[in-house]
Structures are given as C-alpha cells and as structure tokens.
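Residues per chain, in single letters:
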Amino acid sequence: MTQPFITINDTTLRDGEQSAGVAFSLDEKLAIARRLDAIGVPELEVGIPAMGEEERASIRAVAGLGLNPKLMVWSRMHPEDIAACRDLGAHLVDISVPASEQHLAYKLKRDRQWLLRELPKYIGAARDLGLDVGVGCEDASRADPDFLCALAEVAERSGARRLRFADTLGILEPFTTFDRIARLRANTGLEIEMHAHDDMGLATANTLAACKAGATHVNTTVNGLGERAGNAPLEEVVLGLKKLHGIETGVELRGFPALSALVASASGRAVPWQKSVVGAGAFTHEAGIHVDGLLKHPDNYQGFDPQEVGQAHRIVLGKHSGSRAVQVVYAGLGVDLDEAQAQALLPQVRAFVASHKHPPETADLIGLLASLRSPLHV
Ligand SMILES: CC(=O)SCCNC(=O)CCNC(=O)[C@H](O)C(C)(C)COP(=O)(O)OP(=O)(O)OC[C@H]1O[C@@H](n2cnc3c(N)ncnc32)[C@H](O)[C@@H]1OP(=O)(O)O
Ligand SMILES: O=C(O)CCC(=O)C(=O)O
C-alpha cells in the first residue's frame, strides 16, 4: 500500500544528540529547529524532559520560537518523566515501552502482562497534560509480532494516536521491515512511525520499505546523526521517498546543504566525503569516461539533477581523467588547450595526484601547465 504523503518526524535534536559525544548548545538547537522548519519538516522530536531543567528549558525555548512543526518529547514509563512534560509547549509525547522479551525481562525485569496492564495509565497521564501520545516500541524488531499488535490495541483503546516501531539495534532488512509494518498496518488504526538505525547500513532502505507497507510517519536525523551508526538520514529519506516512490513529504530538498553544514558544525561530526546527497564528493567527477559522458548529456551519468538538492556537478582532475576533462577544467581557468596539449598534461596530472593524494587546485594546475610549457618539455 503506497501512501501519497509521509510525515517526517525529525529526531536530530533527540536521537541525533544521543550520538556519543554530541551536545548541542541552546543556540545550536534553536538554529537547527529554525532551519528544519524553514525547509518544511512538519514534526520535530526535541528532547527528553526527564533529563533535567536545562533540557526542559531548551524544549521551552524551541517551543517559544513559535515554529510550524509539531514538537514531540520523549519519555519513559515513569510518572515523574510524564510529569516533566508538563507546560513545555510540546504537542506530543513519545512514551517509550520495551517491546521485546529481551528488553522486558533483562532491562525492566517485567513481563508482557505488566506492560499491557500499566501502559494505559501513562497514556492517560500524558493525555491529561493535553499531549497527544505516541507509544514508542523500543526493540520492536525483536518483539513478538502478535504482542506488538496487542500493544497497539491497548494503546489505541487508551487514547494514543501513534505507534513507533523502533528497529533499535538496526538489525532489520527491507523485506522483513515491510512484512512487520504491513502486519501492524492490518491490525491497527493508529498512525505508524518507523524509527530505523543504520548499524547494517539499511536505515534508509528500511524506512522506505516501512512507508511502502503503510507507515504514516518516519523518524530521520540530519546527516544520519544518532546512536552508534546513526538514524535514517533526513536527506536520503526525503529524496528516496520522492524519487523512488513518488511520495511527498513537503520538505524542500534544496535546503539540505545549509542544514547539513549547520548540523555538522554543531555536532562536531563532519559529513563523510562520499555521503549521498550532502557529501562533498556526492556530485564530484574525475573518471574520464564519466566526465566526457556527463558533458555530452548530464543524464548519461546522473540519477537525478544535483540542483534538486541544492548541489552542482564538480569536475576535478586526477589519475582517471581523460583529455576532455583536462580541456574543460583548464577552460574554466581561461586557458584553451587543444587535444594534444591536454593529452600531454595527463601524465603530469597523474603524477601530481599520486604524490599529493588530492586533485590539483587552481595554483597546482597553473604550475603543471607552466612546467609543460617550459623548455624542458618542448
Ligand atoms: C533506544 C533509545 O534511544 S532510548 C532513549 C535513551 N536516551 C537516553 O538514555 C538519554 C537520556 N537519558 C538520561 O538522561 C538518563 O538516562 C535518565 C535521566 C533518563 C535516567 O537517568 P537515571 O535515573 O540515572 O537512570 P539510568 O540512565 O542509569 O538507567 C536507566 C533507567 O531507566 C529504566 N528504563 C529504561 N527504559 C525505560 C522505559 N521505557 N520505561 C521505564 N523505565 C525505563 C532502566 O530500567 C533504568 O532503571 P533501573 O535503574 O531502575 O533499572
Ligand atoms: O522508544 C522509542 O521511542 C524509540 C527509542 C529509540 O530511539 C530507539 O529505540 O532506537
């Protein structure tokens, strides 16, 4: 079943900040929230009130911005945690419940009956605070699917509106994700929110599969920040939904470079060069055949136009360059080279990259040309 629209619930400010060693300042949180709003992200998970007054103050401050996104906070099944969500300006609370036997028995030392019995009172307490409720099924991927359906039934009956399916350990693959979400979809009227982790590099694939199976909401983080290997990256999920499934999110893709740079700086976690969509290398070309093909027609070597995500193709010279690329790069410097001159430069470009391990910059290119034109090379 395909949804025409999926609601992005971005958790950069909650799970993203749980990335080991990351701690946003208040100003950074506000700047990230503003920019997520500016590109049209409709929901933000903004923190954990039980962490203390500083965290609550930051949640109030985000709420005080009066932005468009609905704000969600995260809570354990603790009366004090729920009480800490009072008057923060949040709209929703995700009440996290251990859904697997592993977590029930070895984390909380409880059993299924306890959870089914206790859950309604926490949902009721949160509803009494005027909050909408999502039930966050932690470790849902290892939970008994029948038990998840039972949890969904109790949650729905008790006034929750959403069930979060968390692949807490990032152990699912897309086919299983599809089956698990489709089964839930067939058994509950609740909104279903997919929360994926990238331990096996499948967070985006699992998120897209969940959407195909009937999930209505998905969690993302900018640059894929988050616990361990991170969460499903916002930029990949929005692009994948649009390009692969024709599903809209209302998120403006061209805003990604600035958002990515902001979160990289605030988190102290550089974006990997090869990172899809937002990495510096994601649209950089060196190989001669690719550059030649790209120049003849962009669609020869692009799956989508980089301008759609606020980026542009960049051509650099290197070990795998061909003469066409040499001519184009030098033309960019105002130097016209004929085919023979370009061919003559290729060995020098190769030698440069072999010794420097990076493409020649403008000054290097001028130097290479000068040495070619020096008497030694005539
Ligand atoms: C998979 C996820 O991302 S879940 C979100 C995890 N995020 C975080 O942990 C970040 C914020 N956490 C914190 O600041 C702190 O851990 C706090 C304030 C929440 C709690 O701190 P402390 O009271 O010192 O507890 P501590 O962190 O050592 O242990 C966690 C406690 O929560 C309990 N707990 C864990 N999940 C739940 C839950 N869903 N419902 C109720 N209790 C839970 C654990 O069993 C443990 O309690 P115990 O010591 O009685 O066994
Ligand atoms: O309990 C939840 O809401 C999910 C928490 C989470 O971040 C996870 O399980 O990875």
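Residues numbered from 1 in each chain as written. Chains lettered and ligands numbered in written order. Predicted model: local features only at pLDDT ≥ 70, side-chain atom pairs only at ≥ 80, totals over all residues.

### Topic: the nonpolar core
Okay, step 1: Residues Val73, Ala126 and Cys137 are the most contacted members of the largest nonpolar core, which totals 85 residues.
Okay, step 2: The element that contributes the greatest number of residues to this core is helix H9 (residues 203-213), accounting for seven residues.
Okay, step 3: Excluding residues that lie within four positions of it along the chain, Cys137 makes contacts with Val97, Ala99, Ala143, Leu148, Leu151, Leu163, Arg164, Phe165 and Ala166.
Okay, step 4: If you look at the next biggest cluster of nonpolar residues, it comprises 13 residues, including Leu294, Ala325, Val329 and Val349. (Core = buried A, V, L, I, M, F, W, Y, C linked by C-beta atoms within 7 Å. Buried ≥ 20, exposed ≤ 12 C-beta atoms within 10 Å, placed from the backbone. Helix = DSSP H or I, 4+ residues; strand = E, 2+ residues; numbered from the N terminus. Contact = placed C-beta atoms within 7 Å.)

### As for the site of ligand 1
Okay, step 1: What surrounds ligand 1 is a group of 16 residues, the closest being Ile48, Met51, Arg76, Met77 and Ser96.
Okay, step 2: Only strand S4 (92-98) and helix H5 (101-108) provide two or more residues apiece to the shell around ligand 1.
Okay, step 3: Looking at the shell around ligand 1, the element that brings in the most residues is S4, giving three residues.
Okay, step 4: For the shell around ligand 1, the residue count by class is seven nonpolar, four polar and five charged. (Near = placed C-beta within 6 Å. Nonpolar A, V, L, I, M, F, W, Y, C, P; charged D, E, K, R; others polar.)

### Considerations on the site of ligand 2
Okay, step 1: The full set of residues close to ligand 2 is Asp15, Asp94, Ser96, Gly136, Glu138, Arg164, Ala166, Thr168, His195 and His197.
Okay, step 2: For the shell around ligand 2, the secondary structure elements donating two or more residues are S4, strand S5 (132-138) and strand S6 (162-167).
Okay, step 3: Across the shell around ligand 2, the residue classes break down as one nonpolar, five polar and four charged.

### Let's talk about the environment of Gly310
Okay, step 1: Tracing the sequence through the fold places Gly310 in the loop between helix H12 (288-296) and strand S10 (314-315).
Okay, step 2: In this structure, the C-alpha to C-alpha distance between Gly310 and Glu43, residues 267 residues apart in sequence, is 22 Å.
Okay, step 3: Apart from the residues lying within four places of it in its own chain, the contact partners of Gly310 are Leu253, Arg254, Gly255, Phe256 and Pro257.

### As for unusual backbone geometry
Okay, step 1: In this model, Asp87 sits at a positive phi of 55 degrees, which is unusual for a non-glycine residue.
Okay, step 2: Position of Asp87 among the secondary structure elements: in the loop between helix H4 (79-83) and S4.
Okay, step 3: Exposure remark for Asp87: the 11 C-beta atoms within 10 Å place this residue in the exposed category.
Okay, step 4: Positive phi, normally seen in glycine, also occurs at Asp139, with a value near 60 degrees.
Okay, step 5: Turning to its location among the elements, Asp139 is positioned in the loop between S5 and helix H7 (145-157).

### Digging into the sheet that holds S6
Okay, step 1: Ordered in space as S1-S2-S3-S4-S5-S6-S7-S8, the eight strands form a closed barrel in which the pairing is parallel. Ignoring strand direction, the axes of neighbouring strands in this sheet form an average angle of 25 degrees.
Okay, step 2: With four bridges connecting them, strand S2 (residues 43-47) and strand S3 (residues 70-75) associate as parallel partners. Its bridge partner lying in S3, Gly47 is registered against Val73. (Pairing = 2+ DSSP bridges. Axes fitted to C-alpha atoms, helices over the stretch in contact; angles between N-to-C directions.)

### Describing the packing of helix H13 (residues 323-332) against helix H14 (residues 339-356)
Two numbers describe a pair of packed helices, the interaxial angle and the distance between the axes.
Okay, step 1: Taken N-terminus to C-terminus, the directions of H13 and H14 make an angle of 95 degrees; their axes are 8 Å apart at the nearest point. When the interaxial angle is binned, H13 and H14 end up roughly perpendicular. Contacts between H13 and H14 involve Ser323, Val326 and Gln327 on the former and, on the latter, Glu339, Ala342, Gln343, Leu345, Leu346 and Val349. (Parallel < 35°, antiparallel > 145°, perpendicular 65-115°, else oblique.)

### With respect to the confidence of the model for the protein chain
Okay, step 1: On average, residues of the protein chain carry a pLDDT of 96, and 98% of them reach 70 or more.
Okay, step 2: For this predicted complex, the interface score ipTM comes out at 0.98, alongside a pTM of 0.96. (pLDDT = per-residue confidence, 0-100.)

### Considering the pairing of strand S8 (residues 217-220)
Okay, step 1: Here S8 shows a buried face lined by His217 and Asn219 and a second buried face lined by Val218 and Thr220.
Okay, step 2: Pairing of strand S1 (residues 7-10) with S8, which is carried by four bridges, proceeds in the parallel orientation. By the bridge assignment, Ile8 is partnered in S8 with Val218.
Okay, step 3: Bridging between strand S7 (residues 191-196) and S8 involves two bridges; their strand directions are parallel. Counterpart to Glu193 in the pairing with S8 is His217.

### Some remarks on the pairing of S1
Looking along a regular strand, one sees side chains alternate from face to face of the sheet.
Okay, step 1: Where S1 and S2 come together, two bridges link them in parallel fashion. Paired with Asp10 across the two strands is Leu44, which belongs to S2.

### Points about the packing of helix H2 (residues 26-38) against helix H3 (residues 53-64)
Okay, step 1: Relative orientation of the contacting elements H2 and H3 amounts to 35 degrees, with a least axis distance of 10 Å. For the pair H2 and H3, the sense of crossing is right-handed. Every residue of H3 that contacts H2 at Leu26, Lys29, Leu30 and Ala33 is listed here: Ser58, Ala61 and Val62.
Okay, step 2: Its residues assigned to classes, the contact of H2 with H3 shows five nonpolar, one polar and one charged. (Left-handed = near helix turned anticlockwise from the far one by under 90°.)

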